[in-house]
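Examining the three-dimensional arrangement
Here's the letter readout for the chains.
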Amino acid sequence: MDASDAALYATLLKEAPGGLAFYDRELHCRRANDALAALLGVSVGDLHQRRPSEVLPEGVAAAFETALRKVIAEDRPVSDLDLVVPAGGPQGTSGEASGVATAVEERILACTWLPAKGGDGERLGVVLTALDVTERRRAEEVIRRKEQRYRSLVEASAQVVWVAAPAGGVIDDAPEWRAITGQTPDDYAAGGWLSVVHPEDRPRIEAAWRDCVEDNRVFETNYRIRTKSGTYRHFDVRAVPIWQGDAVIEWVGANTDVTGQREAEEMRGRLTEQLSAAALRTARLQQATSMLAEALTVSQVVQVITEVGRSAIGADYSAVALLDDDKLRLSIVAPSQPGAESETAPPSRDGIKVSDQTVMSVAVRESRPFLAEHPDSLRLQLGHGERDLFAQHTEERAWVGLPLLAAGAPIGALRFSFTRPREITEEERVFLEALAGQCALAVERALLFEREHKTAEELQRSLLPSDLPQLPGMVLAARYNPATRHVQVGGDWYDVFRLPDKRLAVAVGDVMGKGVLAAAGMGRVRNALRALALNDPRPAAVLAGLDRLFSATEDEEQFTTVAYVVIDPETGHGEFSNAGHPPPLLISPDAPARVSTREPGTPLGWPSQRQQTSFSIETGNTVVFYSDGLVENRRRGVDAGLEELVAVAADAPPEVVGDPERLVDFLVDRMLAGYEQVDDVTVLALHVPPKPV
């Protein structure tokens, strides 16, 4: 080797930023530079003349030697292989002494193994190059997770998203959009979303879109779109430029179907024009709209319509019927108040056939109002079918039937009747059509609410344990009450599971917010907690691991609290750590109830050195974990709520205190009494019963 070769060799070993090494055919390290030793967490002397299995951790060594043998056996390189090397984190006091887990990180090395040959072609061994790609891999993982969250959000929302090139042309397919418009992929690629805009709207929209693209301004407008059925629907659109440095690299737009809103707006506009002289009736319609807006269920909507019909037009009877799924029958819906059932009692257990000759059937079949101002008019139009069906109200002398239309399609009918002949004026007819429109929107919203509320509650409960462990020396009970004002998935959760050493892990947490993101965050935290607990169950170690999870995956503004305890069910002793969660409630038959005064710590992801403290439940005592929904609401602050919780627990009879099932019901019922529940409530009680005498 001449001087230049020697200098090159020495420089590579000493100065190269990546790791370099040479292994002989027996897998012994003959040469290695300081960079490789540092990446592997050992010294160069440790590596020299030794196999990887003699120096490195078992998992790392196994992957290392597998690659070496593969190169030696096949005489070809092995590249693009990541090697995950554990490395000790910052040193501190031991977990046993302080309750703080030692930080653990790992290093990711991108390795390439190359066959090394002599001048005569003889196989001498393997040359290894290694680069530290830890930060790059972590950054790639963060980007991947953000992309997954974005896609989940788009799929869960009611908006249709599309992407355009910097100049405004199509670059990506939009299957959700094409499902609405009926465009083929080729059609969409050629004309994009503009090709299905209503001809009357297109010149305005094209000009506005062109101006926004040229000026890189946000594009926000509305237009009508031709659907695959040939009809037109109203959409609101908002598109924003995506910048990279000083250049726009694409446009992202979101379309929202607002047809129902536009129909309601047009109906209200027509009502205002035609009823300018009917101020009282207009006020009543506004009152009905307000009342319908507060009606959450279909039966509540029917009750509102019954009251409005009687007060606004003097109707003696009213009924609301909804189409069944097969669109062949109408089912009468009873109002929410039992006292009003006589007004709208169902005429038939099997409902009303759409093909029948009835006021509501005709209104649904023909999608138009039906008017019969006296019995002769009814007989002339229907025969005796209506009177036979509604024989309970034989004194009826005038009838009005109105279709309930949602997006132009009937979903049911509204029926008013009078005990005297009654002429319906044009103004009253306009009023009734508007009322039917509001009723249809309210019914549609109520049906959606009922479905979503049921689905949301089922989903919320499915994310919680189906049952609690049965233990001979400890009794557990839990309650989860979803908020009555919300239909979205919440972030409250609890979990109880056995650890491999037979101890019990108990966790109660709360992820800020509502909806899919809160549920997803709840699932990530709960699953991560289980995984961390099975590896190292110490509470401080688990919360420290969750902090790292939050730093890597969650938004900075996300707010999540967790109380976590590991306890031996036979002795009642264990360790406890708290990340910003409300303090546990301690109940004893021999001492006043109280809440823990230990410092709760910061929520997950906030810079904090996690602490754990001793925890015990004495015989006959109960510890209650809960979410903030139990103690806090719009009229009661947290401090006042904690004081009230202690007072309520102190009032619990001995037989309630000794039965955790009754205790959690007692606490929930008493704490929520007189308050509107606006947040989910989670309660988990651990009770150690007295030893049998």
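These remarks concern the structure in this document. (Residues numbered from 1 in each chain as written. Predicted model: local features only at pLDDT ≥ 70, side-chain atom pairs only at ≥ 80, totals over all residues. Heavy atoms only, no water.)

Concerning the pattern of salt bridges
Scanning the model with the defined rule gives 34 salt bridges in all. Of the charged contacts in the structure, one is a salt bridge between Arg 30 and Asp 24, with a shortest N-O distance of 3.0 Å. In this structure Asp 24 comes out as buried when scored by relative accessible area, which is 6%. Glu 140 is the partner of Arg 137 in a salt bridge, and the nearest nitrogen-oxygen pair spans 3.8 Å. With Arg 137 and Glu 140 both in helix H7 (residues 134-156), this residue pair falls three residues apart, about one helical turn. Residue classification places Arg 137 among the partly exposed positions, given a relative accessible area of 22%. Connected through salt bridges with shared partners, the residues Glu 200, Asp 201, Arg 204 and Arg 224 form a single ionic network. (Salt bridge = Lys/Arg side-chain N within 4 Å of Asp/Glu carboxyl O. Buried < 20%, exposed > 50% of the residue type's maximum accessible area, 1.4 Å probe, protein only. Helix = DSSP H or I, 4+ residues; strand = E, 2+ residues; numbered from the N terminus.)

A word on the sheet that holds strand E10 (residues 317-323)
Read across the sheet, six strands follow the order E12-E11-E10-E15-E14-E13 without closing on themselves; strand pairing throughout is antiparallel. The strands lining the two open edges of the sheet, one partner per strand, are strand E12 (352-353) and strand E13 (370-372). Here strand E14 (residues 398-406) runs beside strand E15 (residues 409-418); their pairing, made up of nine bridges, is antiparallel. When the sheet's bridge partners are listed, Trp 399 is paired in E15 with Ser 417. Running at roughly 145° to E10, helix H13 (residues 298-312) makes contact with E10, strand E11 (329-333) and E15 of the sheet. (Pairing = 2+ DSSP bridges. Contact = heavy atoms within 4.5 Å. Axes fitted to C-alpha atoms, helices over the stretch in contact; angles between N-to-C directions.)

Focus: unusual backbone geometry
You will see that Asp 75, though not glycine, has its phi angle at about 55°, which is positive. In this fold, Asp 75 is placed in the loop between helix H5 (58-74) and strand E3 (78-88). Taking relative accessible area as the criterion, Asp 75 reaches 22% and is therefore assigned partly exposed. Notably, Lys 502 is not glycine yet its phi reads approximately 75°, a positive angle. By secondary structure assignment, the location of Lys 502 is in the loop between strand E17 (492-498) and strand E18 (504-511). Relative accessible area serves as the criterion here: at 58%, Lys 502 is assigned to the exposed category.

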